Number of protein chains: 2
Amino acid sequence: MLWSGWGDPARAAELPAPVRDLLTELLGVRAPATPAATFGEVRLPPVALPPPVLAALAAVTGEEHVRADDDARIRHTRGKSTPDLLLMRTGDASDAPDAVVLPGSHEEVAEVLRLCAEHRVAVVPFGGGTSVVGGLTAARRHLHSGGLTGVVALDLGRLDRLRSVDPVSMTAVLEPGLRAPQAERLLAGHGLTLGHFPQSYEYATLGGFAAARSSGQASAGYGRFDDMVVGMTVATPRGTLEIGRAPKSAAGPDLRQVFLGSEGAFGVITSLRLRVHPAPAVRAYEGWRFETFAAGTAALRGLAQEGAPPAALPTVLRLSDETETMVGLAKPTDLGAPGSDSGCLVVAGFEGAPGEVARRREHAAALLLEAGGVHLGPEPGEKWAQGRFSAPYLRDSLLAAGATVETLETACFWADLPRLYDAVRLALHGALRSPSGGGPLVMCHISHVYATGASLYFTVVTAQTGDPLAQWAAAKRAAGEAIVGAGGTISHHHGVGRDHLEAYAAEIGDLGGEILRGIKERLDPAGILNPGVLIPMY
Amino acid sequence: MLWSGWGDPARAAELPAPVRDLLTELLGVRAPATPAATFGEVRLPPVALPPPVLAALAAVTGEEHVRADDDARIRHTRGKSTPDLLLMRTGDASDAPDAVVLPGSHEEVAEVLRLCAEHRVAVVPFGGGTSVVGGLTAARRHLHSGGLTGVVALDLGRLDRLRSVDPVSMTAVLEPGLRAPQAERLLAGHGLTLGHFPQSYEYATLGGFAAARSSGQASAGYGRFDDMVVGMTVATPRGTLEIGRAPKSAAGPDLRQVFLGSEGAFGVITSLRLRVHPAPAVRAYEGWRFETFAAGTAALRGLAQEGAPPAALPTVLRLSDETETMVGLAKPTDLGAPGSDSGCLVVAGFEGAPGEVARRREHAAALLLEAGGVHLGPEPGEKWAQGRFSAPYLRDSLLAAGATVETLETACFWADLPRLYDAVRLALHGALRSPSGGGPLVMCHISHVYATGASLYFTVVTAQTGDPLAQWAAAKRAAGEAIVGAGGTISHHHGVGRDHLEAYAAEIGDLGGEILRGIKERLDPAGILNPGVLIPMY
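Residues numbered from 1 in each chain as written. Chains lettered and ligands numbered in written order. Predicted model: local features only at pLDDT ≥ 70, side-chain atom pairs only at ≥ 80, totals over all residues. Heavy atoms only, no water.

Q: How do you make sense of the overall build of chain A when you look at a structure like this?
A: Along its length, chain A carries 19 helices and 18 strands. By the compact-globule yardstick of 24 Å for 538 residues, chain A fits well, its C-alpha radius of gyration being 23 Å. Overall, chain A is about 65 × 60 × 45 Å in size when its C-alpha atoms are taken along their principal axes. Going through the 538 residues of chain A one by one, you find that 64% of them count as buried. Working note: accessible area of chain A is about 18100 Å², and carbon and sulfur atoms make up 55% of it. (Helix = DSSP H or I, 4+ residues; strand = E, 2+ residues; numbered from the N terminus. Rg over C-alpha atoms; globule rule 2.2 N^0.38 Å. Buried < 20%, exposed > 50% of the residue type's maximum accessible area, 1.4 Å probe, protein only. Areas by Shrake-Rupley, 256 points an atom, 1.4 Å probe, with all protein chains shown as cover.)

Right, here's the structure in full:
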């Protein structure tokens with residue numbers, strides 16, 4: 001993973017000429033005054049942990065698995081939000097951990113937590129490092145106010161086994177450090193799939209999916225990641241929890257749901273028992289066009305509400321608004337090409353056994369036609385599927401060209417969706433309008449649907465000002481206020497981290513915060529786990 | 001509701017002659033030595049609350065809504081488990097609340113909680129009074145050790161409105177005191193249904209469904225009650241929570257899941273936003289026969305695992321084992337009739353729009369045939385649907401005849417199901433074998449299916465000994481140990497209450513208990529809410 005950007009540097013995406021023209025003419029983008037820092041120019045704080053503490057950690061994991069070198073520390077600094085990348089491009093690694101610890105087993109994780117609690121060292125669990133909400137940044141003020149002596153990144157990359165497959169229950173036990181493609185490769189050996197394909201797929205890990213309540217592009221069919229987790233093992237500074245004896249239970253609150261979305265603040269997930277599916281024999285992706293976003297929204301709602309359980313729902317279902325359809329972001333390989341589609345593009349993907357795919361596709365087609373959809377055939381769907389993981393590469397090129405590009409997302413009930421859509425667009429346009437008149441480009445798609453509501457995923461492109469971090473912070477704040485004000489949740493699948501903390505506190509209220517603090521106090525009394533993340537006023 | 005039994009006394013079920021013979025000959029049942037106490041013979045403890053406290057409560061709700069008369073107190077004593085009824089039949093109402101408080105609004109609930117915390121009065125939230133796990137019994141020892149001066153039942157029956165319907169999001173906001181049939185009638189006025197039909201349907205309330213994670217007979221199609229709850233308002237002694245801005249969110253742990261299953265120990269649910277469905281145009285119920293429980297189990301698993309989302313799953317799906325099929329418990333109207341079916345009966349019910357029902361039924365039939373099922377036509381399904389709420393009436397007649405009948409249930413992953421089934425049957429037979437050789441009758445059905453597992457629902461009939469409470473307590477303990485030992489959860493849809501507390505503590509472990517205690521401490525620092533229920537060692 002590129003230290004200052006996304007993914008494999010060899011796959012860096014050149015901006016197509018029409019995009020460069022569009023950026024210059026429409027948005028007033030100019031190349032930044034200062035080039036990005038090189039790796040050698042990055043500024044790191046000194047290692048704050050005393051050598052005896054590092055030695056104690058090394059005694060648990062083996063010396064080669066405690067790293068305090070610059071390379072390891074820089075590669076575990078923050079996540080992959082646009083502000084994270086902008087900061088790293090200036091050479092600022094002030095949030096770097098003092099060391100990176102790589103445990104090799106549940107027992108080593110548990111022992112590291114015990115040691116860190118004893119020595120008052122903050123621990124930031126680290127999977128793929130793809131957080132876009134500040135979920136990997138231990139707040140320095142918390143380190144000081146909490147009397148903590150330093151911070152380690154707990155890299156779970158060595159916990160990367162498929163432990164067992166249960167073909168009767170259709171579950172598999174997997175370790176949290178597995179990146180999604182590794183997990184899919186291991187499961188494919190058994191003819192199985194998880195079916196979890198978020199934008200971060202190529203780098204994100206299973207533990208991160210669970211800890212941040214990830215939702216993937218195929219979640220309409222295969223379910224969100226939190227739906228897939230039927231059991232888990234969690235290490236905390238006070239010991240271990242084993243949760244999940246049945247798909248569903250009436251034995252008290254569902255404790256799985258306490259750790260799903262806990263972002264490393266309550267414990268470290270060391271294994272996951274996950275629902276798996278037969279690898280699909282057939283994959284069929286197709287496009288549909290609707291005249292307006294409202295008409296397309298109504299059509300998607302129809303698919304989500306048809307039958308119980310839903311009978312016409314595709315595995316993948318998304319709807320781009322007019323702007324996103326026009327720009328062609330739904331098909332990154334065609335970005336900005338002349339003749340881009342008008343109206344609003346729906347991508348529908350069907351995966352499964354041949355009979356099942358045929359049945360579901362026919363049922364969905366009847367509903368989409370009835371709702372006014374025009375069938376575009378497989379091409380737009382296939383193009384989307386090909387380009388689905390390439391958007392983050394594009395971001396690096398845009399940042400280098402002087403444009404800020406960032407995404408944000410929310411979810412709400414269907415009835416609130418039109419108002420929420422308008423409110424967020426208005427807020428972003430208001431916050432990012434440049435004095436020269438070049439407004440931001442604000443695109444949106446419905447990325448996930450449920451019977452009672454859906455998520456909205458916004459992509460924003462704007463010309464950088466002299467202080468792009470402050471510029472984006474203001475836009476983000478305005479968008480967050482618009483989301484909360486219009487009744488949406490501050491995140492449908494990115495999480496809370498540090499960036500959403502204020503809006504999250506407003507969303508759950510004082511007593512919601514009390515619940516989190518009550519749990520935190522019992523499981524992590526020393527407050528070492530990912531301090532500053534998730535829990536309001538902790 | 002009958003004070004010492006179930007439901008409308010006018011609907012009391014006479015035991016058919018073949019059943020009486022079967023009880024006598026097979027199980028050695030003899031009429032009990034002492035007849036059941038009459039209402040006038042019931043022994044109540046004196047009202048422990050000082051008059052000023054009762055007056056303060058009356059100032060909140062109005063005098064007519066604070067009742068300390070014998071009738072109100074007896075009717076709010078305990079729930080409807082067989083031990084509860086056995087105890088009541090002896091005239092023992094020692095667990096009666098000191099008074100019954102009937103608030104008329106969220107604000108009144110909140111104020112009652114505040115007052116009770118101030119005066120250290122325990123509060124037991126009371127909906128339909130149908131708990132079968134001791135969920136309505138404030139433990140007297142907790143009252144004393146917690147320094148509480150008395151206990152009130154908080155009857156939510158006056159919170160019985162349908163507040164609003166959102167036909168776009170397909171949700172409705174309903175109040176917790178609504179009994180299920182009332183809620184269905186109100187929703188039917190809008191062409192809608194909840195689709196929640198547990199055994200306790202005729203009396204249980206929506207608030208109870210949520211607080212105890214109810215699951216209904218049609219949950220395969222419409223989902224469990226916890227799946228239906230998209231939002232809620234909760235009053236606690238420290239204030240109010242509003243939860244649920246979207247169907248799903250990544251903004252932290254799902255706090256809805258903290259209150260679902262909280263059994264009144266964390267707060268009082270004062271409104272629920274629930275997923276609703278169009279009232280089905282078609283209802284088609286049918287029967288299938290499988291040679292063995294194992295073959296039927298495999299067939300149900302096939303239906304639950306076909307497609308994502310599941311495409312062949314009926315709305316209602318259950319499988320009786322050989323004993324239950326033979327006895328005909330699946331068709332209570334035919335109970336003990338000659339010519340009862342052999343093998344194992346599957347009841348499959350399909351509800352929805354005509355096309356959807358036809359499609360799903362055909363798909364399910366193909367899978368059931370392939371799995372070795374024999375189609376029995378609509379009759380067994382229709383009979384089951386007619387008799388579905390009559391079993392609790394039968395229990396009263398059996399108790400009067402000198403037989404103990406009780407149910408218990410669990411859930412597990414599919415791979416663990418055969419072992420769990422055997423272990424529980426063995427435990428019950430061992431605990432209830434009489435010296436004279438008349439063994440108990442142990443019947444079982446799979447009552448709910450999921451992709452990764454299912455629930456097992458056991459019905460036990462045995463001849464009463466001289467101390468039927470001790471007799472059942474021993475059997476229940478043995479069954480609970482078998483469930484926990486075989487990897488199941490101690491309850492799939494009845495809850496924890498007081499009766500499952502020990503097994504529940506083993507299931508969630510010390511740290512699971514710590515999570516509950518951490519939440520409790522923050523929301524209910526005085527410990528007034530349903531003391532003794534749900535939370536281990538509190």
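Q: Help me understand the pairing of strand 16 (residues 403-413) of chain B in this model?
A: Residue and element names in this part refer to chain B. Taken across its 11 residues, strand 16 has 10 buried, putting it largely inside the fold. Relative to strand 18 (residues 453-463), strand 16 is paired through 11 bridges, and the arrangement is antiparallel. Directly across from Thr-407, in strand 18, lies its bridge partner Thr-459. (Pairing = 2+ DSSP bridges.)

Q: Looking at this model, I keep getting lost on the relation of the copies chain A and chain B. Mind explaining?
A: One copy of the chain maps onto the other through a rotation about an axis followed by a shift along the same axis. Its rotation angle being 180 degrees, the transformation that places chain A on chain B also includes 0.0 Å of axial translation and leaves an RMSD of 0.0 Å. On this basis, the relationship between the two copies can be described by a two-fold rotation axis. Ranked by how close their C-alpha atoms come to the rotation axis, the residues of chain A are headed by Gly-518 of chain A, at 2.2 Å. A shared interface surface links the copies, since 100% of the contact residues of chain A are contact residues in chain B too. (Least-squares fit on C-alpha atoms with pLDDT ≥ 70 in both. Contact = heavy atoms within 4.5 Å.)

Q: What's the story with helix 16 (residues 391-401) of chain B in this structure? I'm lost.
A: Residues and elements named next belong to chain B. Burial analysis of helix 16 places 8 of its 11 residues in the buried class, the great majority of the element. Listed in full, the buried residues belonging to helix 16 are Pro-392, Tyr-393, Leu-394, Arg-395, Asp-396, Ser-397, Leu-398 and Leu-399. Following helix 16 by one or two positions, Gly-402 adopts a phi angle in the positive range, close to 100 degrees.

Q: So what exactly am I meant to see when it comes to the UniProt feature "binding site: substrate" (unreviewed entry) in chain A here?
A: Residues and elements named next belong to chain A. If you check UniProt for "binding site: substrate" (unreviewed entry), the listed places come out as Arg-395 in our numbering. Examined against the element boundaries, Arg-395 turns out to sit in helix 16 (residues 391-401). Judged by relative accessible area, which is 10%, Arg-395 ranks as buried. (UniProt positions renumbered as here; feature names shortened; annotations may be inferred.)

Q: Please explain the pattern of salt bridges as it appears in this structure.
A: Oppositely charged side chains may form a pair once their charged atoms are brought near each other. With the rule as written, the count across this model stands at 54 salt bridges over all chains. A salt bridge links Arg-419 of chain A to Asp-416 of chain A; the shortest N-O distance between them is 3.5 Å. Among the salt bridges present, the one from Arg-522 of chain B reaches Glu-514 of chain A, with a minimum N-O distance of 3.0 Å. Highlighted residues: Arg-522 of chain B in helix 19 (residues 501-523) and Glu-514 of chain A in helix 19 (residues 501-523), drawn from two different chains. For Glu-514 of chain A, a relative accessible area of 10% puts it in the buried group. (Salt bridge = Lys/Arg side-chain N within 4 Å of Asp/Glu carboxyl O.)

Q: Teacher, can you tell me more about the packing of aromatic side chains here?
A: Describing an aromatic ring pair means giving the distance of the ring centres and the angle of the ring planes. The tally for this structure, following the rule as stated, stands at 18 aromatic pairs over all chains. Relative to Phe-39 of chain B, the ring of Trp-3 of chain B lies with its centre 5.3 Å away and its plane at 80 degrees, an arrangement referred to as edge-to-face. Remark: Phe-39 of chain B occurs in the loop between helix 1 (17-27) and helix 2 (51-61) and Trp-3 of chain B occurs in the segment before helix 1; sequence separation between them is 36 residues. Judged by centre distance (6.4 Å) and plane angle (90 degrees), the ring pair of Phe-259 of chain B and Phe-266 of chain B falls under edge-to-face. Residue Phe-259 of chain B shares its accessibility class with Phe-266 of chain B, and that shared class is buried. An aromatic cluster of three or more residues is present, and its members are Phe-197, Tyr-201 and Phe-389 of chain A. Lying across the ring of Phe-413 of chain B, Arg-273 of chain A places its NZ or CZ 3.9 Å from the centre. (Phe/Tyr/Trp six-rings, centres within 6.5 Å; stacked < 30°, edge-to-face > 60°. Lys NZ or Arg CZ within 6 Å of the ring centre and 35° of its normal.)

Q: I would appreciate a short explanation of the pairing of strand 8 (residues 229-236) of chain B in the present structure.
A: Side-chain direction in a regular strand flips from residue to residue, so the side chains alternate between the two faces of the sheet. Residues and elements named next belong to chain B. When you tally the buried positions in strand 8, you get 8 out of 8 residues, the bulk of the element. Examined bridge by bridge, strand 8 and strand 10 (residues 268-275) share 6 bridges and lie antiparallel to one another. Paired with Val-229 across the bridge in strand 10 is Leu-274. Bridge analysis of strand 8 against strand 9 (residues 239-243) gives 5 bridges, and the strand direction is antiparallel. Across the sheet, Val-234 pairs through a bridge with Leu-241, a residue of strand 9. In this structure, the hairpin formed by strand 8 and strand 9 is closed by a connection of 2 residues.

Q: Just checking my understanding: could you explain the sheet that holds strand 6 (residues 171-174) of chain A for this structure?
A: All names here are of chain A. Pairing is antiparallel across the open sheet formed by 5 strands, whose spatial order is 5-6-10-8-9. Looking at strand neighbours, the two that pair on one side only are strand 5 (162-166) and strand 9 (239-243), the edges of this open sheet. The mean angle between the axes of side-by-side strands here comes to 10 degrees, regardless of whether they run parallel or antiparallel. Along the sheet, helix 5 (residues 106-119) makes contact with strand 8 (229-236), strand 9 and strand 10 (268-275), crossing strand 8 at roughly 45 degrees. (Axes fitted to C-alpha atoms, helices over the stretch in contact; angles between N-to-C directions.)

Q: Just to check I follow, could you spell out the domain arrangement of chain A for this structure?
A: Buried accessible area, meaning the area lost when the parts come together, often serves as the stated size of an interface. Residue and element names in this part refer to chain A. Domain annotation of chain A identifies domain 1 (9-157), domain 2 (162-278), domain 3 (282-388) and domain 4 (391-494). Taken over C-alpha atoms, the centre of domain 3 sits 22 Å from the centre of domain 4. Applying the counting criterion to the domain 3 and domain 4 interface returns 0 salt bridges. The tally of links from domain 3 across to domain 4 stands at 6 residue pairs in polar contact (both at pLDDT 80 or more). Those elements that provide at least two residues to the side of domain 3 that touches domain 4 are helix 12 (293-305), strand 13 (316-320) and helix 13 (322-327). Element by element, the count of residues in the side of domain 3 that touches domain 4 is highest for helix 12, at 6 residues. Tallied by class, the residues present in the side of domain 3 that touches domain 4 amount to 9 nonpolar, 5 polar and 5 charged. (Domains from an automatic or database assignment. Polar contact = N/O pair within 3.5 Å; in protein donor to acceptor, adjacent residues only side chain to side chain. Nonpolar A, V, L, I, M, F, W, Y, C, P; charged D, E, K, R; others polar.)

Q: Can you walk me through the environment of Val-234 of chain A in this structure?
A: Tracing the sequence through the fold places Val-234 of chain A in strand 8. Spatially, the C-alpha atoms of Val-234 of chain A and Gly-355 of chain A are 40 Å apart, while their sequence positions differ by 121 residues.

Q: What is the right way to read the interface of chain A and chain B from this model?
A: On the side of chain B, 92 residues touch chain A, which itself brings 92 residues to the contact. When the two sides are added together, the surface that chain A and chain B hide from each other amounts to roughly 7100 Å², 61% of it contributed by carbon and sulfur. At the surface where chain A touches chain B, the tally comes to 8 salt bridges. The partner of Asp-227 of chain A in a salt bridge is Lys-248 of chain B, and the shortest N-O contact between them spans 3.4 Å. Residue composition of the side of chain A that touches chain B, grouped by class: 43 nonpolar, 28 polar and 21 charged. (Buried area = accessible area lost by both parts, 1.4 Å probe.)

Q: I'm lost on the sheet that holds strand 6 (residues 171-174) of chain B in this one. Help?
A: Working definition: the strands of a sheet are paired by backbone hydrogen bonds and lie parallel or antiparallel to each other. Ordered in space as 5-6-10-8-9 (chain B), the 5 strands form an open sheet in which the pairing is antiparallel. Of all the strands in the sheet, the pair left with one neighbour each is strand 5 (162-166) and strand 9 of chain B. Across this sheet, the average inter-strand angle for adjacent strands is 10 degrees, counted without regard to direction. Packed onto the sheet, helix 19 of chain A meets strand 8 and strand 9 of chain B and runs at close to 110 degrees relative to strand 9 of chain B.

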